[in-house]
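Coordinate analysis (summary)
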Amino acid sequence: GLGSLNENLPQFISMGTREVWNRRDGHYLGPAHDAVPLRIDPENLSALIGHASLQVRANEYDQAQATLERASQHHGDQPELMMKLAQFAATRGRIDEAIEQLDALTAKVPHAGQAYYLLTRLHYMQRNVDACLTAGREALRYDPWNAEVHAALAQLYRIKGDSQGAILHEHILERIKAGP
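Here's a quick rundown of the structure.

About the cut-offs
- Position labels on residues start from 1 in each chain and follow its written sequence.
- In keeping with the predicted nature of the model, local features appear solely for residues at pLDDT of at least 70, side-chain atom pairs appear and are counted solely at 80 or more, and the whole-chain, interface and lining totals rest on all residues.
- Heavy atoms throughout the structure, all of them, feed into the side-chain values; hydrogens and water do not.
- Throughout this description, the term nonpolar core refers to a set of buried Ala, Val, Leu, Ile, Met, Phe, Trp, Tyr and Cys residues connected via side-chain atoms within 4.5 Å.
- Accessible area is worked out with a 1.4 Å probe on protein chains only. A residue is then buried under 20% of its type maximum, exposed over 50%, and partly exposed in between.
- Working definition: helices are DSSP H or I runs of at least four residues, strands are E runs of at least two. Numbering for both runs from the N terminus.
- Throughout, a residue-residue contact means that at least one pair of heavy atoms, one from each residue, lies within 4.5 Å.
- The span expected for a helix works out to 1.5 Å for each residue beyond the first.

By size, the foremost hydrophobic cluster in this structure holds 29 residues, and its most contacted members are Leu-102, Leu-105 and Leu-122. Listed by contribution, the elements that provide at least two residues to this core are helix H5 (79-91), helix H6 (95-108), helix H7 (113-125), helix H8 (129-142) and helix H9 (147-160). Setting aside residues no more than four positions away along its own chain, Leu-102 makes contact with Met-83, Ala-86, Ala-115, Leu-118, Leu-119 and Leu-122. Of all hydrophobic cores here, the second largest spans eleven residues; its members include Leu-48, Ala-64, Leu-81 and Phe-88.

When the terminal C-alpha atoms of H7 are compared, their 19 Å separation across 13 residues agrees well with the 18 Å that a helix rising 1.5 Å per residue should span. For H7, every residue scored as buried is listed here: Gly-113, Ala-115, Tyr-116, Tyr-117, Leu-118, Leu-119, Thr-120, Leu-122 and His-123. Those residues of H7 hidden inside the fold are in contact with H5, H6, H8 and H9. Arg-127, located one to two residues past H7, shows a positive phi value of around 60 degrees.

Once that is clear, we can look at the side chain of His-75. Within the secondary structure, His-75 is located in helix H4 (residues 61-75). For His-75, a relative accessible area of 9% gives the class buried. Apart from the residues lying within four places of it in its own chain, the contact partners of His-75 are Pro-42, Glu-43, Asn-44, Leu-45, Leu-48 and Leu-81.

Purely spatial values, then, with no claim about function.
As structure tokens, then:
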């Protein structure tokens, strides 16, 4: 029966104490003790980024920062890591740092659509109209049906007094909301 199956299952790896999992969703599938030490190969960028993402979800921001810093030592110029560093900085309220990281990323990888999307959001938060318009236009090159970018651009064109630009993006936004 299931008794012998459960006895022979390998140990699960836990990314924290049972208390972290219980707060999150009430489910803990790990062993009876409080966490199996986990060592991540510093050459495995995806594992490091995944680990940092789990740490952020568990509100372990200092640990996530340390994990991302370790990743930077080995993979500092990798676009995936540059994007994760920018996202982390933005979630921690370090907007200027996030913008700097995204500017470096888009200089290295000009076709990084997600980077332009995040730049649009960050410049919009800072009310930097011209930078937001530039980033928004680039973001739309990679995702022309992004409703959030069209809404931001419509508002910004109104602020600049460009009613034609605002009307264009409002019209596209209406078409997106109406669906196919």
